[in-house]
Amino acid sequence: MSNKVYRGKMVTMIGIIKEIDKLGRIVIPKELRDRFGITENVEIIATEIGIVLRSPEYKLIRADNHKKQNNE
């Protein structure tokens, strides 16, 4: 773990190397999921310097579930 200045802000960088399986999946360690509040969903953001994973600020719901809830 190291601290760096990125775009004028101090950020903590944690380096972990993870294997990607045949289906393109990686496992996010529980310690990181807990630390950053990642539960059921994760938002994936592609930037010019890499990929950012974060807990989404919204909740995804399936359209068919939404229709069922509104019709009841």
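Computed from a prediction, not measured in an experiment: that's the story for all the values here.

Calculation notes
- Every chain is numbered independently, its residues counted from 1 as its sequence is written.
- A pLDDT threshold of at least 70 governs which residues receive local features in this predicted model, and a stricter bar of 80 or more applies before side-chain atom pairs are shown or counted, although totals over entire chains, interfaces and linings include all residues.
- Side-chain descriptors were evaluated using all non-hydrogen atoms of the structure, hydrogens and water having been removed beforehand.
- Put simply, DSSP marks the helices as runs of H or I at least four residues long and the strands as runs of E at least two long, and each gets a number from the N terminus on.
- To sort residues, take the accessible area from a 1.4 Å probe on protein chains only and compare it with the maximum for the residue type: under 20% means buried, over 50% means exposed, and anything in between is partly exposed.
- Contacts were defined at the residue level, with two residues in contact if any of their heavy atoms lie within 4.5 Å.
- Under the convention used here, a 1.4 Å probe and the Shrake-Rupley method define accessible areas, while residue burial counts only the protein chains that appear.
- The residues that make up patches have over 30% relative accessible area and no salt bridge, and they are joined within 9 Å when like-charged or within 5 Å when they are Val, Leu, Ile, Met, Phe, Trp or Tyr.
- Salt-bridge detection follows one rule: a side-chain nitrogen of Lys or Arg within 4 Å of a carboxyl oxygen of Asp or Glu.
- pLDDT measures the predictor's confidence residue by residue and takes values from 0 up to 100.
- In this description, strands pair whenever DSSP reports at least two bridges between them.

Focus: the overall build of the protein chain
When helices and strands are tallied, the protein chain shows two helices and four strands. Beginning at the N terminus, the succession of helices and strands in the protein chain can be written as β-β-α-β-β-α. For the protein chain, the proportion of its 72 residues judged to be buried stands at 6%. Summarising the internal contacts of the protein chain: among those between residues at least 6 apart in sequence, 11% fall at separations of at least 24. Accessible area for the protein chain stands at about 7,100 Å²; split by element, carbon and sulfur atoms hold 54% of it.

What about a nonpolar patch on the surface?
A surface patch of nonpolar side chains, about 580 Å² in accessible area, is lined by Ile-20, Ile-26, Val-42, Ile-44, Ile-51 and Leu-53. With respect to the helices and strands, Leu-53 occurs in strand S4 (residues 51-54).

Section: the confidence of the model for the protein chain
Atom-level detail of predicted coordinates should not be read off regions where pLDDT is low. Summarising the model, the protein chain shows a mean pLDDT of 80, and 83% of its residues fall at 70 or more. Of all helices and strands in the protein chain, the one with the weakest mean pLDDT is helix H2 (residues 63-71) (59), whereas strand S3 (residues 43-46) scores best (90).

So, the pairing of S4
Strand direction decides the pairing type here: S3 and S4, joined by four bridges, are antiparallel. Bridging from a neighbouring strand, Ile-44 pairs with Leu-53 of S4.

With respect to the pattern of salt bridges
If you walk through the whole model with that rule in mind, you get three salt bridges. Where Asp-34 meets Lys-30, a salt bridge forms, and the shortest distance between an N and an O atom there is 2.8 Å. Of this pair, Asp-34 and Lys-30 both sit in helix H1 (residues 30-36), separated by four residues, roughly a single helical turn. Its salt-bridge partner being Arg-54, residue Glu-43 comes within 3.0 Å of it at the nearest N-O pair. Taken together, the positions of Glu-43 in strand S3 and Arg-54 in strand S4 put the pair 11 residues apart, joining distant regions of the chain.

Concerning the environment of Ser-2
As for its position among the elements, Ser-2 is in strand S1 (residues 2-6). In this structure the C-alpha to C-alpha distance between Ser-2 and Gly-15, which are 13 residues apart in sequence, comes to 8.7 Å. Once residues within four sequence positions are removed from consideration, Ser-2 is found in contact with Val-11, Thr-12 and Met-13.

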